[in-house]
Amino acid sequence: MKSRLLHSVIDDLLDTVEQRPELTEPVMHFVFDEVNAIRAGLGEVKKRDVGSTLPDGSLSIRIVGDVVASRELIQFAHAVANGVVPHMPLRGAAVTT
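In this text, all values refer to a predicted model and were calculated from it rather than measured experimentally.

Describe in detail the overall build of the chain, supporting the description with residues and values.
Looking only at helices and strands, one finds three helices and two strands in the chain. Taken from N to C terminus, the helices and strands of the chain fall in the order α-α-β-β-α. When contacts within the chain are restricted to residue pairs at least 6 apart in sequence, long-range pairs at least 24 apart make up 54% of them.

How would you sum up the pattern of salt bridges? Please name residues and give values.
It is possible for side chains of opposite charge to pair when their charged atoms get near one another. Under the counting rule described, the total for this entry stands at four salt bridges. Of the charged contacts, one joins Arg-20 and Glu-22 as a salt bridge, the two residues approaching to 3.2 Å between their closest N and O atoms. For Glu-22, a relative accessible area of 52% corresponds to the exposed category.

Describe helix H3 (residues 71–81), with residues and values.
Inspection of H3 places Leu-73, Ile-74, Phe-76, Ala-77, Ala-79 and Val-80 among the buried residues, and these make up the whole buried set. Those residues of H3 that are buried lie in contact with helix H1 (6–19), helix H2 (24–31) and strand E2 (59–69). Positive backbone phi, approximately 85°, marks Gly-83, located one or two places after H3.

Go over the packing of H2 against H3 with me, naming the residues and quoting the values.
Between two packed helices, what matters for the description is the angle formed by their axes and the separation of those axes. Close contact between H2 and H3 brings their axes to 12 Å; oriented N to C, the two are set at 180°. The angle between H2 and H3 falls in the class roughly antiparallel. Along the contact surface, H2 presents Pro-26, Val-27 and Phe-30, while H3 presents Glu-72, Leu-73, Phe-76 and Val-80.

Talk me through the side chain of Thr-16; I want residue IDs and the actual numbers.
Within the element layout of this structure, Thr-16 appears in helix H1. The class of Thr-16 is buried, set by a relative accessible area of 5%. If sequence neighbours within four positions are ignored, Thr-16 has contacts with Leu-23, Val-80 and Ala-81.

Please provide a residue-by-residue account of the nonpolar core, values included.
If you look at the biggest cluster of nonpolar residues, it comprises 14 residues, and the most contacted ones within it are Val-9, Leu-13, Val-27, Leu-73, Phe-76 and Val-80. Those elements giving two or more residues to this core turn out to be H1, H2 and H3. In terms of residue count, H3 provides more of this core than any other element does, five residues in total. Residues within four places of Val-27 in sequence aside, it is in contact with Leu-13, Val-17, Phe-76 and Val-80.

About the thresholds
Residues numbered from 1 in each chain as written. Predicted model: local features only at pLDDT ≥ 70, side-chain atom pairs only at ≥ 80, totals over all residues. Heavy atoms only, no water. Helix = DSSP H or I, 4+ residues; strand = E, 2+ residues; numbered from the N terminus. Contact = heavy atoms within 4.5 Å. Salt bridge = Lys/Arg side-chain N within 4 Å of Asp/Glu carboxyl O. Buried < 20%, exposed > 50% of the residue type's maximum accessible area, 1.4 Å probe, protein only. Axes fitted to C-alpha atoms, helices over the stretch in contact; angles between N-to-C directions. Parallel < 35°, antiparallel > 145°, perpendicular 65-115°, else oblique. Core = buried A, V, L, I, M, F, W, Y, C linked by side-chain atoms within 4.5 Å.

So this is what it looks like as structure tokens:
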């Protein structure tokens, strides 16, 4: 599965909720935990070092960070965009009986 930036997956989820309001509750439950904070593990920062040699011979190093969506979030967004709400365990979710 191809990596995607977190904001683009969130945009897809917002578009889905706008088109299908009945999916708002399961989407919100997937993205937010019980204290309304973004659920841990839905994204990660991937670091890239970009180096180049300048004309004067000095080295320039730039550190770039991309916030990418987790595999679970990408799969969830794809499923709900197709009208399916998958039943899957959520990392960091409270267990209810």
